[in-house]
Amino acid sequence: MTQDALKKAVAQSAVEHTLERIDADSIVGIGTGSTANFFIDLLAAHRGKFAGTVASSEASAQRLKEHGIPVYDLNAVNEVVVYVDGADETNPRLELIKGGGAALTREKIVAAVAKEFICIADDSKWVDHLGTFPLPVEVIPMARSHVGREIVKLGGDPVYRQGVVTDNGNVIIDIHHLHPIGSARALEEKLNNIVGVVTNGLFALRPADVLLLGTPDGVKTLRAEG
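These numbers were taken from a predicted model, which means no experiment stands behind them. (Residues numbered from 1 in each chain as written. Predicted model: local features only at pLDDT ≥ 70, side-chain atom pairs only at ≥ 80, totals over all residues. Heavy atoms only, no water.)

Caption draft 1: Structural view of the sheet that holds strand S9 (residues 171-176). Here four strands make up an open sheet; going across it, the order is S8-S9-S7-S10 and the pairing antiparallel. Two strands lie at the open edges of the sheet, namely strand S8 (157-160) and strand S10 (197-200), each paired on one side alone. The average angle at which neighbouring strand axes cross in this sheet is 30°, direction not considered. Looking at chain direction, S8 and S9 are connected through four bridges and run antiparallel. Bridge pairing links Asp 157 to His 176 in S9. Across the face of the sheet, helix H4 (residues 104-113) comes into contact with strand S7 (135-139), S9 and S10 while running at roughly 70° to S10. The strands touched by helix H5 (residues 144-153) are S7, S8, S9 and S10; relative to S9, the strand with the most contacts, the crossing angle is about 15°. (Pairing = 2+ DSSP bridges. Helix = DSSP H or I, 4+ residues; strand = E, 2+ residues; numbered from the N terminus. Axes fitted to C-alpha atoms, helices over the stretch in contact; angles between N-to-C directions. Contact = heavy atoms within 4.5 Å.)

Caption draft 2: Broad picture of the sheet that holds strand S3 (residues 82-85). Ordered in space as S2-S1-S3-S6-S12-S13, the six strands form an open sheet in which the pairing is mixed. What marks the edges here is a single partner per strand, and that holds for strand S2 (52-55) and strand S13 (218-223). If you compare each strand with its neighbour and ignore which way they point, the axes differ by 20° on average. Note: strand S12 (residues 210-215) against S13, six bridges, orientation antiparallel. When the sheet's bridge partners are listed, Thr 215 is paired in S13 with Gly 218. Helix-sheet contacts for helix H1 (residues 3-21) involve strand S1 (27-30), S3, strand S6 (116-122), S12 and S13, and the interaxial angle to S6 is about 160°. The sheet strands contacting H4 are S1, S2, S3 and S6, and the helix crosses S3 at an angle near 150°.

Caption draft 3: Main features of the pattern of salt bridges. Applying the stated criterion across every chain, the model contains 13 salt bridges. For the salt bridge of Arg 93 with Glu 95, the shortest nitrogen-to-oxygen distance reads 3.2 Å. The exposure class of Arg 93 is partly exposed, given its relative accessible area of 35%. On the basis of relative accessible area, Glu 95 is assigned to the buried category, the value being 6%. As a salt-bridge pair, Glu 107 and Lys 98 come within 3.3 Å of each other at their nearest N and O atoms. Both residues of the pair, Glu 107 and Lys 98, count as buried. A single network of salt bridges, built from pairs that share partners, joins Glu 20, Arg 21 and Glu 116. (Salt bridge = Lys/Arg side-chain N within 4 Å of Asp/Glu carboxyl O. Buried < 20%, exposed > 50% of the residue type's maximum accessible area, 1.4 Å probe, protein only.)

See below:
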């Protein structure tokens, strides 16, 4: 199977999981990226079965609106029943690296609010230890150099992502050469404590609840170890 075929298979599985959890009053959280786009496109056929969505990026919000799916500000909703999003890496604890599409902060906010976080990914994203994929950090622009120096002290190699401005008006620093990340939770906290960091792309303090992993043998449903 091609990678796109695997992504579409996990997206279809995520639609089925979502339909089991929602009713006509439910709000669904929608992530960002190529796998999330497949989910949006497939969810459109069921848009009358839930009240609407919150989106983790302007791009996803636009795609949802094009399908006629209502999109609400997160501040205007009482509850997000389920949040569906992809990942750049996931480990057996369902800790993630996200942010390749520069939407990590809004993704992390929606994940924090959601009752259940379903991660959808193809098996190329499965790793024993996080860190091969460069770890994104969203940074207030005036703090970019300071944050870079602090990252070096933690053993990382910071690279400014040229030409990228987040939906929040900030910049991205990608941290290379962190593999293997020992304690993702500890590193997430250390990075977030650097002045000028908005947040980082480690989803370890709030990992996924369920991982739908697309493989050549079908979609596997995994829950976190321990």
